[in-house]
Amino acid sequence: MGISRRIRTAVIGAGPRGTSVLERLLANWASAGSAGTLHIDVIDPYPAGPGHVWQPGQSRLYLMNTQSFYPTVVPEDPELAPPLAGCTFDQWRELQQGHPHPALTDEERTEVSGLGEADFPSRALYGRYLRSTLEELLTVLPAGVSVDFHPATATSVRHAAAEPVDPAAPEAPEGPSVRFDVVLDGGTVLTVDSVVLAMGHLDARLNAEQRELLSAAGELGLLYVPPAAPADVDWAVVPAGKPVLVRGMGLNFFDVMGQLTEGRGGRFVAGESNGELAYLPSGREPLIIAASRRGTPYRAKATLTGYYPDAVQLRYCTEHAIAKFADSGIRPSFDFDLWPLLHRDAIWAYYSTLARSQPDAILTGPGEFLRALDESLRPHAHSTAKWEHATESVIAVHVRATHRLNLLGLAAPLAGRPFDSRAELDAAVVDYLLDDARRSALGEDDPVKMAIGALHHGRAVLKTAVADSGITDESWVAGLRGWFESFVEGLASGPPALRAAQLAALARAGVVRFVGPDPKFGVDRRARTFTAASPWVGGGTDEGLGDESEDVGTFGAGLDRVGVGAGSVGPVGVGAVGAGSAGVPSAAVRSAGTVRARAGNAVAGAVSATAMIEALAPANRVAVNSSPLLEQLLAEGLVRPRLMMTVEGTPVETSGMDVVPHPYRPLGANGSMTPGLYVLGLQLSATQWGTAIAAEARPKSGPVYRSGQRTLRDADEIARDILAP
């Protein structure tokens, strides 16, 4: 007679990642035909399935940043134990269109009925999918499995006291020797054999500048909205008809924009003559004054039939090429080994698309040009010549100057460009938005979007390449996270193209205005306002503010300059653009002297407001996350942040936990690993790159990258380790 196994595990976090762990535990238990019992405690103050971010009751104006065909919490990997229930989001969408679940609300039925596979769902609907998947899993629990959900916050995890052993017992149930006490905020203590930290997005303590702004707001009677999940914010507190500074023009900005415009009764309508959107205000909108380091929002996504453009196939930065480094025992540098491969792919994608879609841009024959370009891009192991120089020479001979690519400049379209007035700046941003929306509509026929498409493909390859100490520490700090992450996110992680068109319409309607690149933020205590100014925008006559001009102040006596939102796109000399660099210069080569030379104009061109919104997510850094559990684990040495060494040999604290694979288990303050404690998701951001992106459903066509379902494989490794004899 075999020994009966009795396992109890706690999953802390009941959002998508926690749901994936639960699904993998059930699948592997059933697949192994395990005897005994498995009890799973799922802990989260938010409803299980959707968790915090994907609550089904939130505004339907909050859209996902991926299309219907992309996300899943259920793996499709034939090497893994088959799922007991559930499907991808797109399969669920099709099921609901044919046979809607009785529990769907009228709003959910309306949305899902008109949702296509290439459309962007609301986060609320994705949350409904997560809840449905969890409910379906709970109807097919294998024999011996039980699940308890605890709507509570875990406040601590500590080693449990050893249980006394009865030597007279004939045959004690087999189980792990290390156990944990998980304490919940209501006082309940769960004693378990293992703990999975799948905590997802956490709140974070404010940095020094944000604390000063919050303090000033309280002192002066201003409104300051710190970084937060958009669905957690009460947008009704933002006053109508008054200026509000919004810092950040990434994805959270469009959430703010939607709530303060459409969310207040405004409407977008298509123009009869040119089809461009126009905005019809409700009169309850504030004047949104948007600011970011680039001075423009992220570039919008191209209109494609899949997540990656079919017209772009990587030639250099491939999974095969990356594997050669590991096979040779080489730990590559991002800047000197990986980026040159992806840089080549982006150049080829741009010019091959240009030759196909705009042959008049080629001074010679398109075929002749592409043959010469192909030869110049080809890596030559024994050549001492710089491939960039050879490529620049080819492009200079074959391509019209107006059509040459400035790759780094794509992420900083206003770089180095002065503006005499805010009206001139606003017009330039609108032109950029309309041009970007036009390019998005062209899809695979637009060279710029295909260059970005190559970066998007390459990002999937790089995720595999850099995982588990795949690149040198110094290039992770200075290269991947130092410049490339911001650069590629601004190009390849943008909103749906509709959002760019909507923002242009809002700017034309006078509802949104812009601060300009490299903004400085402060508090004018005498005027009792927040302030923002760009060194690139002067104080020329600006009638565009209309009736709101009285609310727009200037720097003056009593001003505290709280911080500077400056930064560069990339390192000088790394990934230098081809022959297009004679155009708009990259932000990377903008000199500090040039910025200072325009500082006087920035004073005259400052704007002010009595409200300021941080359109940013809370920082994903384990050392500053305001989680009682994480703080306890750090304080007692069960986990630690990972340190990396810069090129100067200086240790730098990174954003994620220090872990060992596989599965991922945290290292304690003394460098030891605690058996039975696992980590999944965002807190792996110092070992994996791009941890915030959901698992990718297997595409119907095109390449299948290993990084696509990495999170689901990580969950499977954890489940199998928990269930291992």
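The structure under discussion appears in the preceding block.
Starting from 1, residues in each chain are numbered consecutively following that chain's sequence as written. Totals for whole chains, interfaces and linings use every residue, but because this is a predicted model, local features are given only for residues with pLDDT of at least 70 and side-chain atom pairs only at 80 or more, for both listing and counting. Side-chain numbers come from the whole structure's heavy atoms, not from hydrogens or water.

**What about helix H9 (residues 366–377)?**
Working step 1: Along its twelve residues, H9 runs 16 Å from first to last C-alpha, staying within 8% of the 16 Å computed at 1.5 Å per residue.
Working step 2: Taken as a whole, H9 has its buried residues at Phe 369, Leu 370, Leu 373, Asp 374, Ser 376 and Leu 377. Angular distribution of buried residues about the axis of H9 spans 165 degrees; they occupy a single face of the element.
Working step 3: In what follows, a contact means two residues having at least one pair of non-hydrogen atoms within 4.5 Å. Helix numbering and strand numbering both begin at the N terminus, where a helix is a DSSP run of H or I of at least 4 residues and a strand a DSSP run of E of at least 2. On the buried face of H9, the contacting elements are helix H8 (334–357) and helix H10 (387–398). The length a helix should cover is 1.5 Å for every residue beyond the first. Relative accessibility under 20% of the residue-type maximum defines a buried residue, over 50% an exposed one, and the middle range a partly exposed one, all with a 1.4 Å probe and only protein chains included. To obtain the arc, one takes the directions from the helix axis to the C-beta atoms.

**A word on the packing of H8 against H10**
Working step 1: Packing of H8 against H10 leaves a shortest axis separation of 12 Å and a crossing angle of 10 degrees. As far as their axial angle goes, H10 and H8 are roughly parallel. Residues Pro 340, His 343, Arg 344, Ile 347 and Tyr 351 of H8 form the contact with H10, whose own contacting residues are Trp 387, Thr 391 and Ile 395.
Working step 2: Polarity classes work like this: nonpolar for Ala, Val, Leu, Ile, Met, Phe, Trp, Tyr, Cys and Pro, charged for Asp, Glu, Lys and Arg, and polar for all others, with Gly in that last group. Residue classes in the contact of H8 with H10 are distributed as five nonpolar, two polar and one charged. Working convention: axes come from line fits to C-alpha atoms, limited for helices to the stretch in contact. Angles between N-to-C directions cover 0 to 180 degrees. Angles are sorted into four bins: roughly parallel if under 35 degrees, roughly antiparallel if over 145, roughly perpendicular if 65 to 115, and oblique for all others.

**Observations regarding the nonpolar core**
Working step 1: In this description, a nonpolar core means a group of buried Ala, Val, Leu, Ile, Met, Phe, Trp, Tyr and Cys residues linked to one another through side-chain atoms lying within 4.5 Å. In this structure, Tyr 351, Leu 373, Phe 484 and Phe 487 are the most contacted members of the largest nonpolar core, which totals 63 residues.
Working step 2: Among the secondary structure elements, those contributing two or more residues to this core are helix H7 (319–327), H8, H9, H10, helix H12 (447–466) and helix H13 (473–492).
Working step 3: By residue number, the principal contributor to this core is H8, which donates 13 residues.
Working step 4: Grouped together as the second largest cluster of nonpolar side chains are 41 residues, Trp 235, Val 238, Met 257 and Ala 300 included.

**Focus on the pattern of salt bridges**
Working step 1: By salt bridge we mean one thing: a side-chain nitrogen of Lys or Arg within 4 Å of a carboxyl oxygen of Asp or Glu. Taken as a whole and judged by the stated rule, the model has 33 salt bridges.
Working step 2: Between Asp 468 and Arg 710 there is a salt bridge whose closest N-O contact spans 3.2 Å. Remark: Arg 710 occurs in helix H18 (residues 710–723) and Asp 468 occurs in the loop between H12 and H13; sequence separation between them is 242 residues.
Working step 3: According to the relative accessible area criterion, Asp 468 is partly exposed, its value standing at 27%.
Working step 4: Judged by its relative accessible area of 16%, Arg 710 falls in the buried class.
Working step 5: One salt-bridge network, in which partners are shared between bridges, spans Glu 23, Arg 24, Asp 716 and Arg 720.

**Things to note about the pairing of strand S11 (residues 277–280)**
Working step 1: By the alternation rule, side chains of S11 split into Leu 277 and Tyr 279, which are all buried, and Ala 278 and Leu 280, of which none is buried.
Working step 2: Sheet topology note: the strand S10 (residues 267–270)/S11 ladder contains four bridges and is antiparallel. Directly across from Ala 270, in S11, lies its bridge partner Leu 277.
Working step 3: Strand pairing follows a simple DSSP-based rule, namely that at least 2 bridges must link the two strands. As consecutive antiparallel partners, S10 and S11 are separated by six residues, and within that stretch Gly 275 has a phi angle of approximately 80 degrees, a positive value.

**Details of the packing of aromatic side chains**
Working step 1: By convention, a stacked pair of Phe, Tyr or Trp rings (six-membered ring in the case of Trp) has centres within 6.5 Å and planes under 30 degrees apart, an edge-to-face pair has planes over 60 apart, and any other such pair is tilted. Inspection of every chain in the model, using the stated rule, returns 23 aromatic pairs.
Working step 2: Taking the centre distance of 6.2 Å and the plane angle of 45 degrees together, the rings of Tyr 224 and Phe 530 count as tilted. Note that Tyr 224 is positioned in strand S8 (residues 223–225) and Phe 530 in strand S15 (residues 529–533), a separation of 306 residues in sequence.
Working step 3: The class for Tyr 224 is buried, based on a relative accessible area of 6%.
Working step 4: The exposure class assigned to Phe 530 is buried, which follows from its relative accessible area of 0%.
Working step 5: Ring geometry for Trp 483 against Phe 487: centres 5.9 Å apart, planes inclined by 40 degrees, an arrangement best described as tilted. You can see Trp 483 and its partner Phe 487 sitting in helix H13, four residues apart, about one turn around the helix.
Working step 6: Assessed through its relative accessible area of 3%, Trp 483 is described here as buried.
Working step 7: On the basis of relative accessibility, which here comes to 1%, the residue Phe 487 falls in the buried class.
Working step 8: One aromatic cluster is present, built from ring pairs that chain together Phe 334, Trp 339, Trp 483, Phe 484, Phe 487 and Trp 689.
Working step 9: Between Arg 247 and the ring centre of Phe 521, over which it is positioned, the NZ or CZ distance is 4.4 Å. The criterion for a charge sitting over a ring is simple: Lys NZ or Arg CZ within 6 Å of the ring centre, and within 35 degrees of the ring normal.

**Things to note about the side chain of Thr 133**
Working step 1: On the secondary structure map, Thr 133 appears in helix H4 (residues 123–138).
Working step 2: Sequence-distant contacts of Thr 133, that is, excluding residues within four places in its chain, are made with Val 73, Val 74 and Gly 86.

**Brief notes about the environment of Arg 293**
Working step 1: Looking at where Arg 293 falls in the secondary structure, it is placed in the loop between strand S12 (287–291) and H7.
Working step 2: When its relative accessible area of 23% is taken as the criterion, Arg 293 is described as partly exposed.
Working step 3: As for Arg 293 and Val 515, which are separated by 222 residues in sequence, their C-alpha atoms are 9.7 Å apart.
Working step 4: Any N or O atom pair separated by 3.5 Å or less is treated as a polar contact, with the protein-specific requirement of one donor-capable and one acceptor-capable atom, and with residues adjacent in sequence counted only for side-chain atom pairs. At 2.6 Å, the side chain of Arg 293 forms a polar contact with the side chain of Ser 486.

**So, the sheet that holds strand S2 (residues 36–43)**
Working step 1: Reading across the sheet, the five strands line up as S3-S2-S1-S7-S23 and stay open at both edges, with parallel pairing between neighbours. Looking at strand neighbours, the two that pair on one side only are strand S3 (145–150) and strand S23 (677–679), the edges of this open sheet. The average angle at which neighbouring strand axes cross in this sheet is 15 degrees, direction not considered.
Working step 2: Pairing of strand S1 (residues 5–12) with S2, which is carried by eight bridges, proceeds in the parallel orientation. Across the sheet, the residue bridging to Ala 10 is Asp 41, located in S2.

**Structural notes on the sheet that holds strand S9 (residues 243–247)**
Working step 1: Within the open sheet, the five strands sit side by side as S8-S18-S9-S12-S13. Their pairing is parallel. Each edge of the open sheet is held by one strand with a lone partner, namely S8 and strand S13 (512–514). With direction set aside, neighbouring strand axes in the sheet form an average angle of 20 degrees.
Working step 2: For S12 and S13, the ladder comprises three bridges, and the chain directions are parallel. Pairing of Ile 289 across the sheet is with Arg 513, part of S13.
Working step 3: The strands touched by helix H5 (residues 208–220) within the sheet are S8, S9 and strand S18 (611–614), with S8 carrying the most contacts at an inclination of about 150 degrees.
Working step 4: Contacts between helix H6 (residues 251–260) and the sheet are confined to S9, S12 and S18, with S12 contributing the most and set at about 175 degrees to the helix.

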